[in-house]
Amino acid sequence: SLSDGEARDAVEAFTRAMASAEAARLAVIKVLDERPEAVPGASEGRVAAAFLTGRLNVDPGRANADARAAHALDADSGSLPQVGAALAAGEITREHADACVRAVARLPKRLRVVLLEDESTGELRSGMEIADGFLAEQCRRFPVRAIHRLVDELVRVCWSRWWSRSTRLMLSSDILREQGCTKVF
């Protein structure tokens, strides 16, 4: 029988391993999705979802979410490579990653190209790069429920300020504290 500490450690180890395995699964889903000939009859850009639903009986909504996450979290071409790296390292859960992927779909498109000063480094980076780093860090610190509230606020701020030159994305964790969230151990 496991002691209390051993049980906690085992649950943590399995949870982190599952997150890493999920990241590897998503990487392969992206590869499959980029091969239209891999699933006969599947339309381009829907290959992985067609395979997941048709062959593995995955719910269509989940299959589409998997394909979106696979592309968004990709280290080379995704909009959230830092969130993807945190998932691969087992530092965050798939639920965290999904919240971030859904947030990106709601953010202004110009966020991908607008250059902003990263307040932590002084470097000019795309708004999406800054958002990715910010979201990855917050996902490491807070539970998914807090991340849902955070991304709602992030989307609201992005749309309300239209990324004026003076706007900085480096939102502080004060937003989370204002929402009544604290770090859980």
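A few points on the structure.

**So, the overall build of the protein**
A count of helical and extended segments in the protein gives eight helices and two strands. Secondary structure elements of the protein occur, N-terminal to C-terminal, as α-α-α-α-α-β-β-α-α-α. Burial analysis of the protein (185 residues in total) assigns 43% to the buried set. For the protein, restricting intrachain contacts to residue pairs at least 6 apart in sequence, the fraction spanning at least 24 positions comes to 58%.

**Focus on the nonpolar core**
Among the nonpolar cores identified, the biggest contains 40 residues, and L73, L80, V83, L87 and L135 are the most heavily contacted of them. Elements that contribute at least two residues to this core include exactly α1 (4–33), α2 (47–56), α3 (60–72), α4 (81–88), α5 (94–106), α6 (127–141) and α7 (144–161). When residues in this core are grouped by element, the largest group, seven residues, is from α7.

**Notes on the pattern of salt bridges**
Scanning all chains against the criterion turns up 14 salt bridges. Across the pair E22 and R25 runs a salt bridge whose closest N-O atoms are separated by 2.9 Å. Taken together, the residues E22 and R25, both in helix α1 and three residues apart, mark about one turn of the helix. A salt bridge links R25 to D66; the nearest nitrogen and oxygen atoms lie 2.8 Å apart. Of this pair, R25 sits in helix α1 while D66 sits in helix α3, and the two are 41 residues apart along the sequence. For R25, a relative accessible area of 30% puts it in the partly exposed group. Given a relative accessible area of 1%, D66 falls into the buried group. Where salt bridges share partners, they join E22, R25, R62, D66, R94 and D98 into one cluster.

Definitions and cut-offs
Residues numbered from 1 in each chain as written. Predicted model: local features only at pLDDT ≥ 70, side-chain atom pairs only at ≥ 80, totals over all residues. Heavy atoms only, no water. Helix = DSSP H or I, 4+ residues; strand = E, 2+ residues; numbered from the N terminus. Buried < 20%, exposed > 50% of the residue type's maximum accessible area, 1.4 Å probe, protein only. Contact = heavy atoms within 4.5 Å. Core = buried A, V, L, I, M, F, W, Y, C linked by side-chain atoms within 4.5 Å. Salt bridge = Lys/Arg side-chain N within 4 Å of Asp/Glu carboxyl O.

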